[in-house]
Amino acid sequence: MEINEILRRLDTPFGVSGNEKEVRDVIKELFGGLCTEVSEDALGNVIGILCCGKENAPTIMIEGHQDELGLVVSGITDEGSLRFLTVGGFDPKTLPGTEVTVHAEGGNYFGVIGAKPPHLVKGPAKGLSVSDMAVDVGYSKEKSEKIFKVGDIITLNTGFVQLGGSTVAARCIDDRGGLAAVVRALELAQNLKLDCTVYAVATVQEELGLRGAKTAAAQLVPDAAIAIDVCHGTSPGVSDNAFPLGKGVVVSVGPNLHPKLTRQLLDTAKENRLDVQIDVDSGDTGTDAWEIQVAGTGVPTALLSIPLRYMHANYEVGDSKDIETTARLIAAYLLKFKGGEQLCY
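About the cut-offs
- Residues numbered from 1 in each chain as written.
- Predicted model: local features only at pLDDT ≥ 70, side-chain atom pairs only at ≥ 80, totals over all residues.
- Heavy atoms only, no water.
- Salt bridge = Lys/Arg side-chain N within 4 Å of Asp/Glu carboxyl O.
- Helix = DSSP H or I, 4+ residues; strand = E, 2+ residues; numbered from the N terminus.
- Buried < 20%, exposed > 50% of the residue type's maximum accessible area, 1.4 Å probe, protein only.
- Contact = heavy atoms within 4.5 Å.
- Pairing = 2+ DSSP bridges.
- Axes fitted to C-alpha atoms, helices over the stretch in contact; angles between N-to-C directions.
- Phe/Tyr/Trp six-rings, centres within 6.5 Å; stacked < 30°, edge-to-face > 60°.

Caption draft 1: Geometry of the pattern of salt bridges. Within the structure shown, the criterion is met by 18 salt bridges. The shortest N-O distance in the salt bridge between R263 and D267 comes to 3.7 Å. Placement of the pair is R263 and D267 together in helix 6 (residues 259–271), with a separation of four residues, close to one helical turn. The class of R263 is partly exposed, set by a relative accessible area of 45%. The exposure class assigned to D267 is partly exposed, which follows from its relative accessible area of 32%. Among the ionic contacts, a cluster of salt bridges with common partners joins K21, R24, D25, K28 and E40.

Here it is in structure tokens:
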């Protein structure tokens, strides 16, 4: 499949952290056509295994997280609107005016996030917080109390849009873009004669503390791992520690990342004429790589990132070429991976 088709399929279903079932079903379907076996663990991680058919073959994990940001109902106002809290790190100023879906027990209901109009704000303007907002569902308090309850999940109704050239906008390229690279890498690997077994993993609850990666890596303990996530893309006013879109995958270096594995990925990119950019992370990368690295007795781990504009906003913008490059780099490295002394310091 083309990257845009994969990304559209992954971006359409909802999967707020801790409530990933809808997207999980799509991931299992995509993995099912490409892996030897597919399973789901107790936390909700989806694990696809692509066996090479060789006894005692080394194992390598490629992973991205399936969860996205969302909201949760925390109360009902006297006017019948819904108070909410965020699930994950939304920037509150991006939320007013956004159309949402409230997932209630009796069905799905549309609403719009409202806030006090700027005309009515007195005194020095202050930054909005979620306590200044509510979801207007159009019902009275009495009606809302019959339909909605505290704890109902709210999702944004933004979706996949093709922009100019190869750029795309979508609700959660973080990290469905990373998962699209995993799916595409699995497609490319179908025609390769591998010497390793591949664990393709879609983890849960990354946005709440890398929880799925911690449990998945603990149960699999692969010989090596490649985490795929996003990083900041350059945009007006954003240039420090940011990378241009369309210029290739970003390879991270730093103590969270295994130096020899990282160097081998960079060499593989050069051999295959794949565009890469380099990011220096001097500590916690803030990605699943942080937990995977210390699973069991330790896992040599690398991090590939897709440049992304407007991270954690209601639309994120990326470049499908960068996702394709990420997938091609992963597939090329899988062909070379033999485990054993390959990663010894």
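Resuming the write-up.
Caption draft 2: Region of the structure containing the environment of E79. Mapped onto the elements, E79 comes out in the loop between strand 4 (70–76) and strand 5 (82–87). The exposure class of E79 is exposed, given its relative accessible area of 60%. Once the C-alpha coordinates of E79 and D136 are considered, the two residues, 57 residues apart in sequence, prove to be 8.9 Å apart. Leaving out residues up to four positions away in the same chain, E79 has contacts with Y139, S140 and K141.

Caption draft 3: Highlighting the sheet that holds strand 1 (residues 37–40). Read from one edge to the other, the open sheet built from eight strands follows the order 1-2-12-3-13-16-14-15, with strand pairing classed as mixed. Of all the strands in the sheet, the pair left with one neighbour each is strand 1 and strand 15 (276–280). With direction set aside, neighbouring strand axes in the sheet form an average angle of 25°.

Caption draft 4: Main features of the packing of aromatic side chains. Applying the stated criterion to the full structure yields three aromatic pairs. When the centroid spacing of 6.4 Å and the interplanar angle of 75° are considered together, the rings of Y109 and Y139 count as edge-to-face. Here the residue Y109 occupies a position in strand 7 (residues 107–115), and Y139 occupies one in the loop between strand 8 (133–136) and helix 3 (141–147), the gap between them amounting to 30 residues. Each ring, one from Y109 and one from F148, has its centre 5.3 Å from the other, and the planes form 75°; the classification is edge-to-face.

Caption draft 5: Focus on the sheet that holds strand 17 (residues 316–319). Spatial strand order, 10-11-17: three strands in an open sheet with antiparallel pairing. In this open sheet, the two edge strands, each paired with only one partner strand, are strand 10 (161–162) and strand 17. In this sheet, strand 11 (residues 167–170) lies alongside strand 10 in antiparallel orientation, the contact comprising two bridges. Opposite Q162, over in strand 11, you have V168 as the bridge partner.

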